Amino acid sequence: QVQLVESGGGLVQPGGSLRLSCAASGSIVTINTMAWYRQALGKQRELVADITVGGNTNYVDSVKGRFTVSRDNAKNTVYLQMNSLKPEDTAVYYCNADIVYRSGTLYYRKGYWGQGTQVTVSS
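Rules of the game
Residue positions within a chain follow its written sequence, with the count starting from 1. Given that this is a predicted model, residues contribute local features only at a pLDDT of at least 70 and side-chain atom pairs are listed and counted only at 80 or more, while totals for whole chains, interfaces and linings are drawn from all residues. Working from all heavy atoms in the structure, the side-chain values ignore hydrogens and water. One bridge is not enough; two strands pair if DSSP finds at least two bridges between them. Each helix corresponds to a stretch of at least 4 residues labelled H or I by DSSP, and each strand to a stretch of at least 2 residues labelled E; elements are numbered beginning at the N terminus. For helices, the fitted axis covers only the stretch in contact; all axes are lines through C-alpha atoms, and the angles between them, taken along N-to-C directions, range from 0 to 180 degrees. Buried residues are those whose accessible area, probed at 1.4 Å on protein chains only, stays under 20% of the maximum for their type, while exposed residues exceed 50% and partly exposed ones sit between those limits. Any carboxyl oxygen of Asp or Glu that lies within 4 Å of a side-chain nitrogen of Lys or Arg is treated as forming a salt bridge with it. Sulfur atoms of two cysteines make up a disulfide when they are within 2.5 Å. Nonpolar cores are built from buried Ala, Val, Leu, Ile, Met, Phe, Trp, Tyr and Cys residues. Side-chain atoms within 4.5 Å join them into one set. When checking whether two residues touch, look at their non-hydrogen atoms; a contact exists if any pair is within 4.5 Å. Both cavities and pockets are sets of points on a 1 Å grid over the protein atoms alone; in a cavity a 1.4 Å probe fits but cannot get out, in a pocket the set is open with protein on both sides within 12 Å along at least five of seven lines, and lining residues sit with an atom within 4 Å of a point. Grid points are joined across faces, edges and corners, and a volume is the space filled by probe spheres set on the points. Gly counts as polar in this scheme, as do all residues outside two lists: the nonpolar Ala, Val, Leu, Ile, Met, Phe, Trp, Tyr, Cys and Pro, and the charged Asp, Glu, Lys and Arg.

### Details of the sheet that holds strand β8 (residues 77-82)
- Overall, antiparallel pairing links the four strands, which are arranged β1-β3-β8-β7 in an open sheet. Edge positions in the open sheet fall to β1 (2-7) and β7 (67-72), since each of these has one partner strand only. Between one strand axis and the next, the sheet turns by 15 degrees as a mean value, whatever way the strands run.
- The sheet contact formed by β7 and β8 spans six bridges and is antiparallel. Across the sheet, the residue bridging to Val69 is Leu80, located in β8.

Printed below as a string of structure tokens:
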């Protein structure tokens, strides 16, 4: 039906940059809010940033001014540009999307999660 596939994680030195991507595929009718979450070892998953279909964005205070969330509605893809990375940004990053999809003649709305991608910030 619907799948979210993430890419772009890895190991980076403090102060470096990474760009995460998350592409949605399947019988998608529309995608509402798209978001990035992260979960560090031993901690709860937290919202990092989200973006509405109209482009309005929201960030957790700890990443404001460093991270930028964007989306390409034609490609059903959301991005997270991460600059000035810090060791405390180390976590598994997950994308989430509020998706309306079609199954036969019926329409459904459901929140989907990507598989997660590891971001490690270390020297």
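So, next bit.
### Considering unusual backbone geometry
- Phi at Asn76 takes a positive value of approximately 50 degrees, unusual for a residue other than glycine.
- On the secondary structure map, Asn76 appears in the loop between β7 and β8.
- According to the relative accessible area criterion, Asn76 is partly exposed, its value standing at 24%.
- Despite not being glycine, Ser84 shows a phi value in the positive range, around 50 degrees.

### Considering the pattern of salt bridges
- The final tally for this structure, using the stated rule, is five salt bridges.
- A salt bridge links Asp89 to Arg66; the nearest nitrogen and oxygen atoms lie 2.7 Å apart. Taken together, the positions of Asp89 in the loop between β8 and β9 (91-103) and Arg66 in the loop between β6 (57-59) and β7 put the pair 23 residues apart, joining distant regions of the chain.

### Looking at the state of the cysteines
- Using the criterion set out here, one finds one disulfide in the structure.
- Put simply, Cys22 and Cys95 are joined by a disulfide, and their sulfur atoms are 2.0 Å apart. Disulfide Cys22-Cys95: torsion about the S-S bond near 45 degrees, hence right-handed. Of this pair, Cys22 sits in strand β3 (residues 18-26) while Cys95 sits in strand β9, and the two are 73 residues apart along the sequence. Assigned by exposure class, Cys22 and Cys95 land together as buried.

### Let's talk about the nonpolar core
- If you look at the biggest cluster of nonpolar residues, it comprises 31 residues, and the most contacted ones within it are Trp36, Leu80, Met82, Tyr93 and Ile99.
- Listed by contribution, the elements that provide at least two residues to this core are β1, β3, β4 (28-39), β5 (46-51), β7, β8, β9 and β11 (117-121).
- Among the elements that take part in this core, β9 stands out by supplying six residues, more than any other.
- Those residues in contact with Tyr93 that sit more than four places away from it in its chain are Glu6, Leu20, Trp36, Tyr37, Arg38, Val48, Phe67, Leu80, Met82, Gly116, Thr117 and Val119.

### Looking at the layout of surface pockets
- Empty space within the largest pocket amounts to approximately 160 Å³.
- Per-class residue counts for the lining of the largest pocket are three nonpolar, four polar and six charged.

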